[in-house]
Amino acid sequence: MLPPAGHLLSLLLVIGTGGSVPSHPASPQGCYVAEEAGERTFRCSQAGLSAVPTGIPNDTRKLYLDANQLVTVPAGAFQHLPVLEELDLSHNILAHLSGAAFQGLAGTLRHLDLSANQLASVPVEAFMGLQIQVNLSANPWRCDCALQEVLRQVRLAPGTGTGIVCGPGARPDLVGQEFLPLAGEEELCGAGRGGAQRSTDVALLVTMGGWLVLVVAYLVHYVWQNRDESRRPLKRVRMLPVRSEDSSILSTVV
Ligand SMILES: *[C@@H]1O[C@H](CO)[C@@H](O)[C@H](O)[C@H]1NC(C)=O
Ligand SMILES: *[C@@H]1O[C@H](CO)[C@@H](O)[C@H](O)[C@H]1NC(C)=O
């Protein structure tokens, strides 16, 4: 653990460098290791971080990165933490998660807090294969098909459902509404973007069907014509030997 003066100095250093984390392989600035209920815990709350720090010990089970200025979680950000069970990313300014943000945590991660951020949408791939309870409260959700799919992948932490409210990027009639009652009533992946996708698929299929009919019609026409034409040369071919026979007969006769 750092002494208070060093702690403050490192915090100032972080702020002084525009919030970027100096890439010291040792302990990330403003963070400390603790043993909480027998679990190895790494606390970086309110450490002025603008990126996921490096140097987090690989035996960390609980990781607190809350109340920082994280904007994004890049692919594989925690993949070097093979026993991570709990991850708190709440009270940041997260607007984007990589589809592979939690890559490598499928076997271990149980609790994920993404509450109080700036998330309008998260890629459903980010949660594939994870057995987690997640807190998605207090974000400006777009309340679309993507969010509906995410909610089919994860379990919500108890009591956090009412905190999922549609933000200004949502459909005008949804802004300010709780998402869960809406998602229960409406199939957003069928009627919205997904529906449009499906109708373009149908249009494509019809167009391809039309082309197929044209090609088949042409082939039938071609074969029909060639059948007529192929008879004539055949007749000629058949006539030729007759003539040559005739001429050979003639020649033998002569
Ligand atoms: C952490 O890394 C060390 C050295 O690289 C390794 O020996 C140890 O097994 C790792 N611990 C875990 C929990 O993966
Ligand atoms: C979920 O997030 C909200 C907002 O940050 C917080 O008030 C609440 O306590 C959290 N609930 C759980 C169960 O983590």
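This text follows the structure it describes.
Values in this document were obtained by computation on a predicted structure and should not be read as measured data.

Colleague: So what exactly am I meant to see when it comes to the nonpolar core here?
Modeller: Within the largest apolar cluster, 48 residues are counted, with the highest numbers of intra-cluster contacts made by F78, L89, F102 and F127. Sorting the residues of this core by element identifies α2 (145-153) and α3 (179-185) as the ones contributing at least two each. If we skip the residues at most four places from it in the chain, F78 touches V52, L63, L65, V73, L84, L87, L89, A101, F102 and L105.

Colleague: Would you mind showing me how to read the state of the cysteines here?
Modeller: Any covalent bond linking the sulfur atoms of two cysteines counts as a disulfide. According to the stated counting rule, one finds three disulfides in the structure shown. A sulfur-sulfur separation of 2.1 Å characterises the disulfide bridge that pairs C143 with C166. Linking C143 and C166, the disulfide has an S-S dihedral of approximately -100° and is accordingly described as left-handed. Residue C143 is found in the loop between β8 (133-135) and α2, and its partner C166 is found in the loop between β9 (155-156) and α3; the two are separated by 23 residues along the sequence. Just as C143 is buried, C166 falls in that class too.

Colleague: Hey, could you run me through unusual backbone geometry in this one?
Modeller: If a residue is not glycine, its phi is most likely negative; likewise, a peptide bond is most likely trans. Notably, A138 is not glycine yet its phi reads approximately 55°, a positive angle. Tracing the backbone shows A138 in the loop between β8 and α2.

Conventions and cut-offs
- Residues numbered from 1 in each chain as written.
- Chains lettered and ligands numbered in written order.
- Predicted model: local features only at pLDDT ≥ 70, side-chain atom pairs only at ≥ 80, totals over all residues.
- Heavy atoms only, no water.
- Core = buried A, V, L, I, M, F, W, Y, C linked by side-chain atoms within 4.5 Å.
- Buried < 20%, exposed > 50% of the residue type's maximum accessible area, 1.4 Å probe, protein only.
- Helix = DSSP H or I, 4+ residues; strand = E, 2+ residues; numbered from the N terminus.
- Contact = heavy atoms within 4.5 Å.
- Disulfide = S-S within 2.5 Å.

Structural measurements only, silent on function.
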